[in-house]
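Coordinates in review
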Amino acid sequence: MSFNLTNFATTASTGEPKRTKVLVLGSGPAGLTAALYAARAELEPVVLTGSELGGQAALTFTIENYPGFPDGVGGSELGELIQKQAEKFGAVVEFDTANSVDLLQRPYRVTTDNGEYLADTLIIATGARPNHLEIPGESTLTGRGVSYCATCDGWFFKEKKVAVVGGGDSALEEALFLTRFASQVTIIHRRDSLRAGKVLQSRAFSNPKINFIWNSQVTDVLGDDKVTHLNLKNTLTGEKSTQEFDGLFIFIGHIPNTQLFKGQLEMDEMGYIKSNAFMETNLPGVYVAGEVTDSHFRQVVTSAGMGASAAIQVTQFLEKEAVEA
Ligand code: NAP
């Protein structure tokens, strides 16, 4: 992706924790929009980018449903634009990752790769990461034909045969993207109907490079140093087959990046941080935004909206605290 790392402020570690009014964890649309709003409230927010600059959205080649961009906008381009807008109002974006958090008392202590922060308030926007199939061969052949990002790896599959697993928007969108490179894209889905939206479905059905294998699961990824074949099992008949493929792209949903907060913030059974309509968590001054708390909408625009809401609430929270002090 094309984020310009020279844009990132660097905090030389002085050994002293850095004090911030608002610390935003995550640089996807939720985190960067939260930073924009907090910056406009003159709270001088600091954003820790995490390792996924721009979040999951930055891995999307074109986002066609973000309002205001009738011709679509590149995922990383959108992130860069929001970052620029936030920095214009005083947000500081640090290329740094939180490793541990101590939420026992305020100010909250966050330890990162480069140092330590004491934050009056936190906006957690750490997003989610792709689910894995957890099948033999998947992890050993990741980067050697197995991928979770068509935008990142599609180019390597020029004139090759690739399989895509999943029946949701991501699977279809990424399959359509892969037709730019691959000679054939086979969508393997465990049922016989798709979860994806109708527009994507009709685009996929009418694309001559895309074909479907229904009611099937991939059970093994085969190959020595790169993917050569997949073992499939029919979910209705149990029939097994082995088919030749050069690549396997997996788009079967996400899990939230919330390990850091386990035992400190309330979560649901899937690990999403619980929040209310005001983006509040169970702790005062700790707010959430985007896919870390949202297993339902998971859109760039809804994540950005939650980022704005969280920052508005943080602003009110700090104002109220200042009045009461
Ligand atoms: P999703 O909607 O949860 O779809 C996941 C797909 O993977 C489903 O078809 C599911 O099958 C399948 N799946 C799950 N576990 C599996 C397993 N172990 N083995 C085989 N298949 C498995 O996830 P998504 O496509 O990533 O989309 C997530 C959210 O982002 C959705 O709300 C979507 O609308 C949104 N999104 C929107 C856009 C857009 O608007 N352009 C683009 C991308 C994503 P079943 O159908 O049988 O459950």
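This one's a predicted model, so the numbers in the text were calculated from it and none came from an experiment.

Here is what the cut-offs are and how they apply
Residues numbered from 1 in each chain as written. Predicted model: local features only at pLDDT ≥ 70, side-chain atom pairs only at ≥ 80, totals over all residues. Heavy atoms only, no water. Helix = DSSP H or I, 4+ residues; strand = E, 2+ residues; numbered from the N terminus. Rg over C-alpha atoms; globule rule 2.2 N^0.38 Å. Contact = heavy atoms within 4.5 Å. Areas by Shrake-Rupley, 256 points an atom, 1.4 Å probe, with all protein chains shown as cover. Lys, Arg positive; Asp, Glu negative; His and termini not counted. Charge placed at Lys NZ, Arg CZ, Asp CG, Glu CD. 1 Å grid on protein atoms, 1.4 Å probe; cavity = no way out; pocket = protein on both sides within 12 Å on 5 of 7 lines; lining within 4 Å. Points joined across faces, edges and corners; volume = space filled by probe spheres on them. Nonpolar A, V, L, I, M, F, W, Y, C, P; charged D, E, K, R; others polar. Pairing = 2+ DSSP bridges. Axes fitted to C-alpha atoms, helices over the stretch in contact; angles between N-to-C directions. Phe/Tyr/Trp six-rings, centres within 6.5 Å; stacked < 30°, edge-to-face > 60°. Buried < 20%, exposed > 50% of the residue type's maximum accessible area, 1.4 Å probe, protein only. Domains from an automatic or database assignment. Buried area = accessible area lost by both parts, 1.4 Å probe. Disulfide = S-S within 2.5 Å.

Brief notes about the overall build of the protein
Each helix and strand in the protein was counted, giving 6 helices and 17 strands. Rg of the C-alpha trace for the protein: 21 Å, near the compact-globule value of 20 Å for 325 residues, within the 12% margin. Along the first, second and third principal axes, the C-alpha atoms of the protein reach 70 × 40 × 35 Å. Intrachain contacts of the protein at a sequence separation of at least 6 include 61% that bridge at least 24 residues. As displayed, the protein has an accessible area near 16,000 Å², and 50% of this comes from carbon and sulfur atoms. Of the side-chain charges in the protein, 27 are positive and 38 negative, and the distance between the mean point of each set is 4 Å.

What about empty space enclosed by the protein?
In the structure shown here, the tally under the stated rule is 1 cavity of 30 Å³ or more. Taken as a whole, the largest cavity holds about 30 Å³ of empty space. Gly 28, Pro 29, Gly 54, Ala 57, Ala 58, Gly 75, Leu 78, Gly 79 and Ile 82 are the residues that line the largest cavity. Considering every element that reaches the lining of the largest cavity, the biggest residue donor is helix α2 (residues 75–88), with 4 residues. Residues of the lining of the largest cavity, tallied by class, amount to 5 nonpolar, 4 polar and no charged.

Here's the deal with the sheet that holds strand β12 (residues 216–222)
Read from one edge of the open sheet, 3 strands run β12-β13-β14, paired in antiparallel fashion. The strands lining the two open edges of the sheet, one partner per strand, are β12 and β14 (240–244). Each strand of the sheet is rotated relative to its neighbour by a mean of 30°, with strand direction disregarded. For β12 and strand β13 (residues 229–234), the ladder comprises 6 bridges, and the chain directions are antiparallel. What sits directly across from Ser 216, in β13, is Asn 234.

A few points about the packing of aromatic side chains
Applying the stated criterion across every chain yields a total of 9 aromatic pairs. With a centroid separation of 4.8 Å and 40° between ring planes, the pair formed by Phe 61 and Phe 177 is classed as tilted. You can see Phe 61 sitting in the loop between β2 (46–48) and α2 and its partner Phe 177 sitting in helix α4 (residues 169–178), a full 116 residues away along the chain. Judged by its relative accessible area of 39%, Phe 61 is partly exposed. What makes Phe 177 buried here is its relative accessible area of 10%. Look at Phe 177 and Phe 181: their rings are 5.5 Å apart centre to centre, the planes differ by 70°, and that puts the pair in the edge-to-face class. Across the pair, Phe 181 and Phe 177 agree in class, each one buried.

So, the sheet that holds strand β10 (residues 184–188)
Judged by pairing direction, the sheet is parallel, and its 5 strands sit side by side in the order β8-β15-β9-β10-β11 without closing on themselves. The open sheet has two free edges, formed respectively by β8 (146–147) and β11 (210–213), since each of these has just one partner strand. For strand β9 (residues 161–165) and β10, the ladder comprises 5 bridges, and the chain directions are parallel. By the bridge assignment for β10, Val 162 is matched with Val 185. α4 rests against β9, β10, β11 and β15 (247–250) of the sheet, and its axis sits at about 170° to β9.

Observations regarding the domain arrangement of the protein
By domain assignment, the protein separates into domain 1 (5–129 + 254–324) and domain 2 (132–250). Relative to domain 2, the C-alpha centre of domain 1 lies at a distance of 33 Å. In this complex, domain 1 contributes 4 residues to the contact, which on the side of domain 2 involves 7 residues. Contact with domain 2 buries area across many residues of domain 1, yet Leu 59, Phe 61 and Glu 64 alone supply 77% of it, more than any other trio.

Some details on the state of the cysteines
Taken as a whole and assessed by the stated rule, the structure comprises 1 disulfide. Two residues, Cys 149 and Cys 152, share a disulfide whose sulfurs are 2.1 Å apart. When the S-S torsion is 75°, as for the bridge of Cys 149 with Cys 152, the disulfide is right-handed. A relative accessible area of 7% places Cys 149 in the buried class. Exposure remark for Cys 152: the relative accessible area of 39% places this residue in the partly exposed category.

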